[in-house]
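Examination of the molecular architecture
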Amino acid sequence: MDKMPEEDEVSPVSTAPATPTTPLEFKMLPLFMDFEDFNICQPAPFSYDDKAMLELERIDYTQRITYQMARAGKTTRRVRVYADGIYDLFHQGHARQLMQAKNIFPNVYLIVGVCNDELTLRMKGRTVMNGFERYEAVRHCRYVDEIVPNAPWTLNDEFLNEHKIDFVAHDDIPYGAGGVDDIYAPLKARGMFVATERTEGVSTSDIVARIVKDYDVYVRRNLARGYSAKELNVSFLSEKKFRLQNKMDELKTRGKREFTKVKVDIITKWEEKSREFIDAFLLLFGRERLNSLWNESKGRIIQALSPPGSPNGSINGDDPDTTEGGDSEDEYMELPPEYGAGNVGSRTEKQRNSQKHCRGQINSSSNAYDEDEDSQYMQRSD
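A few words on the pattern of salt bridges. One pass over the full model with this rule turns up 10 salt bridges. A salt bridge links Arg134 to Asp117; the shortest N-O distance between them is 2.7 Å. Of the two residues, Arg134 sits in helix H5 (residues 131-139) while Asp117 sits in helix H4 (residues 117-123), which places them 17 residues apart along the sequence. By relative accessible area, Asp117 is classed as partly exposed at 26%. Of the charged contacts in the structure, one is a salt bridge between Asp157 and Arg190, with a shortest N-O distance of 2.7 Å.

Here it is in structure tokens:
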């Protein structure tokens, strides 16, 4: 059985506003407290609290309410609807089920029964949250008017009469237990059952399955938050592995952060210096400067692109198109004076003199050869 707070365990709450005296100091509410000072909104009372007992005494249970009367709103008192469950890892599916039970009739007083740890472990299995945590989660739901702790697994007439329950709300799927196909079948037969709809895609089992699926992720997260390997039931080697993975992820994150910071700094500095770069570039290579450079080096560029051509068809320095011993004035192309033709012309004149000298030697040697042949011929003839 879950231990409930006793009278001497209740801590008084100061009426002073919970304002921080320093930026890091806040007034925290105690775990066990009296909510009477909270007159705007309070959690649902337990069935043994004075508020719940007073509500129960006002109910004339001899006046039975039928389903038709409750639906039409023709009742002289609030309709007492009961919903029960384990409510482990209280989630949106639980809240939506209680919201439906609260709104199933126009004037509903919603009572929620929560089974304790011992009964739940025997009938269904181990829970993640203990009984006290599950009670507190349900009683802080705004649709709930009263909490019944240590609720039974099956409902009998004694329990229904004790809490003066008019209707029981649960989903319509048959719920079997203890060899019974549907524990709510007797209530359905008596017209005391109202059906709610389950929220698809979310349940306590689904949440536990997600945690098991991502077991490594959650273990690493809790180790990083200061939990010990013993608290997480993790072996020594697994702890070292998970801590190494955390360290690697930390280094990766830090590296990405530093790289992003450096990249942003580079871009910022480039934007700051870009105007100076552009001004300097335009000063060096602007339109006026380029025109000046072109005018200064136009002749050199043309000479580099079109150098003087060599004579074509020359064999051993002789031009076949010229007569023997003759000079051709068109043999070499002379450039205009503005392209530095003076030097070229002098070189061309020297080349013509050299060629004339070579031709004279060749002609003289040829004539000497002809005279020797004539003299030898004359001697043979004699």
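A few words now on the nonpolar core. One finds Leu98, Phe105, Leu110 and Val112 to be the most contacted residues of the largest nonpolar core, which totals 25 residues. Looking at this core element by element, the count peaks at four residues for strand E2 (residues 108-114). Core analysis: the next-biggest nonpolar cluster, separate from the first, contains 20 residues, Trp153, Ala177, Tyr184 and Leu187 among them.

Our next topic: helix H3 (residues 92-102). Listed in full, the buried residues belonging to H3 are Gly93, His94, Ala95, Gln97, Leu98, Ala101 and Lys102. Buried residues belonging to H3 abut strand E1 (79-85), E2, H5, strand E4 (167-171), strand E5 (193-196) and helix H8 (204-213).

Bringing a nonpolar patch on the surface into the picture now. A surface patch of nonpolar side chains, about 250 Å² in accessible area, is lined by Val128, Val208 and Val212. Looking at where Val128 falls in the secondary structure, it is placed in the loop between H4 and H5. By relative accessible area, which is 55% here, Val128 ends up exposed.

A few words now on the packing of aromatic side chains. For the structure on display, the rule yields eight aromatic pairs. On the numbers, 6.4 Å between centres and 85 degrees between planes, the contact of Phe46 with Tyr135 is edge-to-face. Here Phe46, found in the segment before helix H1 (50-57), pairs with Tyr135, found in helix H5; they are 89 residues apart in sequence, far enough to count as distant. An angle of 70 degrees between the planes, with centres 5.4 Å apart, marks the rings of Tyr82 and Phe159 as edge-to-face. Here Tyr82 is found in strand E1, whereas its partner Phe159 is found in helix H6 (residues 157-162), with 77 residues between them in sequence. Of the two residues examined, Tyr82 and Phe159, each falls in the buried class.

Reading the values: rules and limits
- Residues numbered from 1 in each chain as written.
- Predicted model: local features only at pLDDT ≥ 70, side-chain atom pairs only at ≥ 80, totals over all residues.
- Heavy atoms only, no water.
- Salt bridge = Lys/Arg side-chain N within 4 Å of Asp/Glu carboxyl O.
- Helix = DSSP H or I, 4+ residues; strand = E, 2+ residues; numbered from the N terminus.
- Buried < 20%, exposed > 50% of the residue type's maximum accessible area, 1.4 Å probe, protein only.
- Core = buried A, V, L, I, M, F, W, Y, C linked by side-chain atoms within 4.5 Å.
- Contact = heavy atoms within 4.5 Å.
- Patch = residues over 30% accessible without salt bridge, like charges linked within 9 Å, V, L, I, M, F, W, Y side chains within 5 Å.
- Areas by Shrake-Rupley, 256 points an atom, 1.4 Å probe, with all protein chains shown as cover.
- Phe/Tyr/Trp six-rings, centres within 6.5 Å; stacked < 30°, edge-to-face > 60°.

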